[in-house]
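So you can see what is in the structure, the chains are spelled out below.
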Number of protein chains: 2
Amino acid sequence: VSGFVWIVGAGPGDPELLTVRAARVLAAADVVAYDELVSADVLELVDARAETFSVGRRAGCPTPPALDSRIVAHARAGKRVVRLKGGDPHVFGRGGEEARVLHAEGIPFAIVPGVSAAFGAAASAGIPLTLRGVSARLTIATAHEAKDLEHARSFARTLPREGTIALYMGVAHLAILGEALVREGFPPEGPVAIVSRATLPDESVAVGTIAELGRLRAVAPAVLILGDVVAERVGAAAAPAARATFFASDACAPPPAAAPQP
Amino acid sequence: VSGFVWIVGAGPGDPELLTVRAARVLAAADVVAYDELVSADVLELVDARAETFSVGRRAGCPTPPALDSRIVAHARAGKRVVRLKGGDPHVFGRGGEEARVLHAEGIPFAIVPGVSAAFGAAASAGIPLTLRGVSARLTIATAHEAKDLEHARSFARTLPREGTIALYMGVAHLAILGEALVREGFPPEGPVAIVSRATLPDESVAVGTIAELGRLRAVAPAVLILGDVVAERVGAAAAPAARATFFASDACAPPPAAAPQP
């Protein structure tokens, strides 16, 4: 009997934002190889008898091979292996590289899509990603290379001047990015939001302008949303308290007394 | 007692690709207002006692108001209302407009993100949306306005020349779009994939070049993926039979009997 590998998107962080399929294969897995963007809450869905290990990149270490060799070994041994990745496996998750290795090795696999971080962030923060008359396009990119002004300007130059931009990024170089955006012609007063730790209990949302980027609160992992849609933010539940009231299992529960209870 | 409205992303079509939260609130809803992009399979998750109605746009009719008045009325009557939308509510779903009306009306609501169509299509078709050395960016747009060559060229002109483009669109004007892309400088031999009815039992994937766009099989709703990543497609699953065996392709899948059954 051959094993099988599911490359699974874990979504933005909240375990309820896994897909039904992701939750099912995760609970049934013999082996779970996860990366650092997967939240601890999601990992709690793994069966206690499963073997789990991290295959995350470590800062300062060389880029690991496209696919951890333990994954191949477990699949060859007949195990049900889940390769669990933050967000969606096909967006900045190296899922494509891993699939290619599995294919070359002749190991059967499937990809389970997930809610990418921008969508989780937008839902929590109440920011539409497209909106009639405001934005008809979403660009998802990563600003990891924007570490100094020169690189940040090169990056900013390639960004579209229309629609909504969602940047998946660390939080170390926001001031540089803000300066680069302005120098490359983005309006200093252009609205931005930083959604930190989107959909997790300690999520926070900071709204400001491009010129203010370096002063906005940001905690990794963060999604930077740039565009006029940010100014259209409506009062969806941004505060943890509101989330706890309306989302979680006890969540749809009355604010303690009145809200509906699915 | 006030009601509550969940604006819920139903994902790309397969009911297992709803989020755990979406499935939960859907099963518990008193009222479900759905649009035409929501698959019949997803609607089967609704409780039989719930009231359901379509609020989809109809071809040839004027654009309906931002929020169907029945949704407001039911919420005011204390009901648990789910506004169910294809994909993610914040991308081409008018979710932002609906949220704004609910906010203005003082009706408590929450947004449940979903797997947007591009991610479902990419997972099923085995096409990475970003890939190191190939694409570092995903642009999501809609080509609905590209109905004649002039409009299509205007649209094509605004598209980025790098990264991956996912177009959410009808299937009526593919030949025009292909011609417009070439006239605006996209390479005729540039790889494209059309994923029709992604993640549904009758999903199909057609791969070709920009020049061939008008001759590729397309069935609505379709996602057009444009970019060098298409050439990196690895054997994930297109056929319905393979889907039943956990998305593996004929190439990758074990015989049905051998596949693990979570």
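Here is a short report on the structure shown in this document. Keep in mind that what you see is a predicted model, and the values were worked out from it rather than measured.

### Re the sheet that holds strand E4 (residues 80–85) of chain B
Residues and elements named next belong to chain B.
Here is step 1: The sheet built from five strands is open, its strands ordered E3-E2-E4-E1-E5 with parallel pairing. On the outer flanks of this sheet lie strand E3 (51–54) and strand E5 (109–112), each paired with one strand and no other. Neighbouring strand axes in the sheet, compared pairwise and without regard to direction, differ in orientation by 15° on average.
Here is step 2: Packing of helix H4 (residues 95–105) onto the sheet brings it into contact with strand E1 (4–9), E4 and E5, and relative to E1 it is tilted by some 170°.

### Points about the relation of the copies chain A and chain B
Here is step 1: You can overlay chain A on chain B at an RMSD of 0.0 Å; the transform is a turn of 180° with a shift of 0.0 Å along its axis. What we have between these two chains is a two-fold relation.
Here is step 2: A share of 96% of the interface residues of chain A reappears at the interface of chain B, consistent with the copies meeting face to face through the same patch.

### Considering the pattern of salt bridges
Once their charged atoms are close, side chains differing in charge can pair, the charge on each being opposite to the other.
Here is step 1: Tallied over the entire structure, the rule returns 36 salt bridges over all chains.
Here is step 2: Here arginine 21 of chain B and glutamate 16 of chain A are joined by a salt bridge, their closest N and O atoms 2.8 Å apart. Of this pair, arginine 21 of chain B sits in helix H1 (residues 20–28) while glutamate 16 of chain A sits in the loop between strand E1 (4–9) and helix H1 (20–28), on two different chains. Comparing arginine 21 of chain B with glutamate 16 of chain A, the two get one shared label, buried.
Here is step 3: Here aspartate 30 of chain A ties to arginine 80 of chain A by a salt bridge, and the two come within 3.0 Å at their closest N and O atoms. You can see aspartate 30 of chain A sitting in the loop between H1 and strand E2 (31–34) and its partner arginine 80 of chain A sitting in strand E4 (residues 80–85), a full 50 residues away along the chain.
Here is step 4: The exposure class of arginine 80 of chain A is partly exposed, given its relative accessible area of 26%.

### Considerations on the interface of chain A and chain B
Here is step 1: Each side of the interface is counted separately: chain A has 72 residues, and chain B has 75 residues.
Here is step 2: Where chain A abuts chain B, roughly 6200 Å² becomes buried across the two surfaces, and 63% of that area is made up of carbon and sulfur atoms.
Here is step 3: Remark: the boundary between chain A and chain B carries 10 salt bridges.
Here is step 4: Notably, a salt bridge pairs glutamate 16 of chain A with arginine 24 of chain B, separated by 2.8 Å at the nearest N-O pair.
Here is step 5: Counting across the chain A and chain B interface gives 26 residue pairs in polar contact (both at pLDDT 80 or more).
Here is step 6: Of all the secondary structure elements, the ones that give two or more residues to the side of chain A that touches chain B are E1, H1, helix H4 (95–105), strand E5 (109–112), helix H5 (117–125) and strand E6 (137–142) of chain A.
Here is step 7: Sheet topology note: the E6 of chain A/strand E6 (residues 137–142) of chain B ladder contains five bridges and is antiparallel. Within E6 of chain B, the position partnered with threonine 139 of chain A by the bridge is threonine 139 of chain B.

### Details of helix H6 (residues 149–157) of chain B
Think of an α-helix as turning once every 3.6 residues; residues three or four places apart then point the same way.
Here is step 1: For H6 of chain B, the set of buried residues is Ala152, Phe155 and Ala156 of chain B. When H6 of chain B is viewed along its axis, its buried side chains cluster within an angular range of 100° and face the same direction.
Here is step 2: Check the buried side of H6 of chain B and you find it contacts E6 of chain A together with E6, strand E7 (164–169) and helix H7 (174–183) of chain B.
Here is step 3: Measuring from the backbone nitrogen of glutamate 150 of chain B back to the side-chain oxygen at the start of H6 of chain B gives 3.1 Å, which picks out aspartate 148 of chain B as the cap.

### Examining helix H3 (residues 69–76) of chain B
Residue and element names in this part refer to chain B.
Here is step 1: Listing the buried residues of H3 in full gives Ile71, Val72, His74 and Ala75. In a view along the axis of H3, the buried residues occupy a sector of 165°, so they form one face of it.
Here is step 2: Along its buried surface, H3 packs onto E1, strand E2 (31–34), E3, E4 and H4.
Here is step 3: Positive backbone phi, approximately 90°, marks glycine 78, located one or two places after H3.

### Quick notes on the packing of aromatic side chains
Here is step 1: A full pass over the atoms with the stated rule returns five aromatic pairs over all chains.
Here is step 2: Measuring from centroid to centroid gives 4.7 Å for phenylalanine 4 of chain A and tryptophan 6 of chain A, while their planes differ by 50°, and the two rings are tilted.
Here is step 3: Phenylalanine 4 of chain A gets classed as buried once you look at its relative accessible area, which sits at 0%.
Here is step 4: Taking relative accessible area as the criterion, tryptophan 6 of chain A reaches 2% and is therefore assigned buried.
Here is step 5: Judged by centre distance (5.4 Å) and plane angle (85°), the ring pair of phenylalanine 119 of chain A and phenylalanine 119 of chain B falls under edge-to-face.

### Some remarks on the packing of H6 of chain B against H7 of chain B
Residue and element names in this part refer to chain B.
Here is step 1: Where H6 contacts H7, the axes come no closer than 8 Å and their chain directions differ by 50°. One way to sum up the angle between H6 and H7 is to call them oblique. In terms of crossing hand, the pair formed by H6 and H7 is right-handed. In contact with Leu149, Ala152, Arg153, Phe155 and Ala156 of H6, H7 contributes Ile176, Leu177, Glu179, Ala180, Leu181 and Arg183.
Here is step 2: Its residues assigned to classes, the contact of H6 with H7 shows eight nonpolar, no polar and three charged.

### Overview of the sheet that holds E4 of chain A
Residues and elements named next belong to chain A.
Here is step 1: On the basis of which strands lie adjacent, the open sheet formed by five strands has the order E3-E2-E4-E1-E5 and parallel pairing. Sheet topology places strand E3 (51–54) and E5 at the edges, where each strand pairs with a single neighbour. Across the sheet, the axes of successive neighbouring strands diverge by a mean angle of 15°, strand direction being ignored.
Here is step 2: The pairing of E2 with E3 spans four bridges and is classified as parallel. Along E3, the bridge assignment pairs alanine 33 with phenylalanine 53.
Here is step 3: Its contacts with the sheet place H4 against E1, E4 and E5, and it is angled at close to 170° to E1.

### Digging into the nonpolar core
Generally speaking, a soluble globular protein has its nonpolar side chains buried in company with each other.
Here is step 1: The biggest cluster of nonpolar side chains holds 42 residues, and the ones touching the most others in it are Phe119 and Ile140 of chain A together with Phe119 and Ile140 of chain B.
Here is step 2: Discounting residues that sit within four places of it in the chain, isoleucine 140 of chain B has contacts with Phe119, Ala136, Arg137 and Leu138 of chain A together with Val91, Phe92, Phe119, Ala166 and Tyr168 of chain B.

### Quick look at the environment of tyrosine 168 of chain B
Residue and element names in this part refer to chain B.
Here is step 1: Along the chain, tyrosine 168 falls in strand E7.
Here is step 2: Owing to a relative accessible area of 11%, tyrosine 168 belongs among the buried residues under this scheme.
Here is step 3: When the C-alpha positions of tyrosine 168 and alanine 66 are compared, they lie 21 Å apart, and in sequence the two are 102 residues distant.
Here is step 4: Beyond its immediate stretch of four places on either side in the chain, tyrosine 168 contacts Val91, Phe92, Ser116, Ala117, Ala118, Ile140, Ala141, Thr142, Ala143, His144, Ala222 and Val223.

### A closer look at the side chain of arginine 21 of chain A
Here is step 1: Taking relative accessible area as the criterion, arginine 21 of chain A reaches 7% and is therefore assigned buried.
Here is step 2: In terms of polar contacts, arginine 21 of chain A uses its side chain to reach the side chain of aspartate 14 of chain B, at 2.8 Å.

Conventions adopted
- Positions within a chain are numbered from 1, following the residues in the order the chain's sequence is written.
- Think of it this way: whatever chain is written first is A, whatever ligand is written first is 1, and the rest follow in order.
- Only residues with pLDDT of at least 70 get local features here, since the model is predicted, and only at 80 or more are side-chain atom pairs given and counted; chain-wide, interface and lining totals rely on the full set of residues.
- As a rule here, side-chain values come from all non-hydrogen atoms in the structure, and water together with hydrogens is ignored.
- Any two strands are treated as partners once DSSP identifies two or more bridges connecting them.
- Helix numbering and strand numbering both begin at the N terminus, where a helix is a DSSP run of H or I of at least 4 residues and a strand a DSSP run of E of at least 2.
- Axis geometry follows a simple rule: fit a line to the C-alpha atoms, using only the stretch in contact for helices, then measure angles between N-to-C directions, giving values from 0 to 180 degrees.
- We call two residues in contact when some of their heavy atoms are within 4.5 Å.
- Here the copies are matched by least squares. The fit uses the C-alpha atoms of residues with pLDDT of at least 70 in both.
- Any carboxyl oxygen of Asp or Glu within 4 Å of a side-chain nitrogen of Lys or Arg constitutes a salt bridge here.
- Only protein chains enter the accessibility calculation, which uses a 1.4 Å probe. A residue is then buried if its area is under 20% of the maximum for its type, exposed if over 50%, and partly exposed in between.
- Note: buried area is the sum, over both parts, of the accessible area (probe 1.4 Å) each one loses when the two are combined.
- Identification of polar contacts relies on pairs of N or O atoms within 3.5 Å, with a donor-acceptor requirement for protein atoms, meaning one able to donate a hydrogen and the other able to accept it, and with residues adjacent in sequence counted only if both atoms are side-chain atoms.
- An arc is given here, and it is the one of the directions from the helix axis to the C-beta atoms.
- Stacked, edge-to-face and tilted labels apply to pairs of Phe, Tyr and Trp rings (six-membered ring for Trp) whose centres lie within 6.5 Å, assigned for plane angles under 30 degrees, over 60, and everything in between, in that order.
- Convention used here: angles under 35 degrees read as roughly parallel, angles over 145 as roughly antiparallel, angles from 65 to 115 as roughly perpendicular, and any remaining angle as oblique.
- Should the near helix be turned counterclockwise from the far one by less than a right angle, the crossing is left-handed, whereas a clockwise turn marks it as right-handed.
- Here the nonpolar group is Ala, Val, Leu, Ile, Met, Phe, Trp, Tyr, Cys and Pro; Asp, Glu, Lys and Arg are the charged ones; every other residue, Gly included, is treated as polar.
- In plain words, nonpolar cores are sets of buried Ala, Val, Leu, Ile, Met, Phe, Trp, Tyr and Cys residues tied together by side-chain atoms within 4.5 Å.

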